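Remarks on the overall topology
Here is how the chains run, residue by residue.
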Amino acid sequence: MSEDPQRWFRICDLDAIAEQEAAEFVVEGLIVAVFREQEQWYALDAMCAHQGGPIAKGTVANGCVTCPWHGWQYELATGRQTIHNQKLLETYPLKEQDGGLWIQLPDAPSP
Ligand code: FES
């Protein structure tokens with residue numbers, strides 16, 4: 001995994017995730033779910049805010065993912081849980097570069 005000073009990390013090749021699919025990655029100890037829908041990329045915390053279900057294994061449709069465990073639904077772009085309209089999952093910037101997909105993480109906590 002590559003890193004640059006602005007905390008961009010290369011996580012996979014661009015063809016590693018098919019349309020309407022998702023995958024989990026561990027980046028700097030953070031587990032993120034990366035989705036590809038309608039030619040857009042989205043990255044969110046990978047564990048559902050309800051009971052930790054794996055949202056990367058959820059159903060993706062209309063800009064949302066539905067958790068496979070009990071059906072909580074989140075907007076991919078915002079991390080908002082749709083029933084309570086609250087942001088419950090963090091989202092992360094992604095970019096395409098050099099044939100790969102990169103994620104930007106916030107600054108590491110100070111020691
Ligand atoms: S763990 Fe996701 S809805 Fe319950």
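Residues numbered from 1 in each chain as written. Predicted model: local features only at pLDDT ≥ 70, side-chain atom pairs only at ≥ 80, totals over all residues. Heavy atoms only, no water.

As recorded in an unreviewed UniProt entry, the protein goes by Anthranilate 1,2-dioxygenase ferredoxin subunit and comes from Roseimaritima ulvae.

1. Here we look at the UniProt feature "domain: Rieske" (unreviewed entry) in the protein
UniProt records the feature "domain: Rieske" (unreviewed entry) for residues 8-103 in the present numbering. As annotated, residues 8-103 comprises 0% helix and 50% strand, and the C-alpha atoms at either end are separated by 5 Å. (UniProt positions renumbered as here; feature names shortened; annotations may be inferred. Helix = DSSP H or I, 4+ residues; strand = E, 2+ residues; numbered from the N terminus.)

2. A look at the pairing of strand β4 (residues 40-45)
β4 sits mainly inside the fold: five of its six residues count as buried. Pairing of strand β3 (residues 30-37) with β4, which is carried by six bridges, proceeds in the antiparallel orientation. If you follow Val34 over to β4, its bridge partner there is Ala43. (Buried < 20%, exposed > 50% of the residue type's maximum accessible area, 1.4 Å probe, protein only. Pairing = 2+ DSSP bridges.)

3. Observations regarding the environment of Gly52
Mapped onto the fold, Gly52 is located in the loop between β4 and β5 (59-61). Gly52 sits in the partly exposed class, given a relative accessible area of 24%. Expressed as a C-alpha distance, the spacing of Gly52 and Ala18, which sit 34 residues apart in the sequence, is 24 Å. The contact partners of Gly52, leaving out residues within four places of it in the chain, are Met47 and Trp69. (Contact = heavy atoms within 4.5 Å.)

4. Some words on the sheet that holds strand β11 (residues 100-104)
If you walk across this open sheet you meet the three strands as β1-β11-β10, and the pairing is antiparallel. Either end of the sheet is taken by a strand with one partner, and the two such strands are β1 (8-13) and β10 (94-97). Ignoring strand direction, the axes of neighbouring strands in this sheet form an average angle of 35°. Strand direction decides the pairing type here: β10 and β11, joined by four bridges, are antiparallel. Within the sheet, the bridge partner assigned to Glu96 lies in β11 and is Leu101. (Axes fitted to C-alpha atoms, helices over the stretch in contact; angles between N-to-C directions.)

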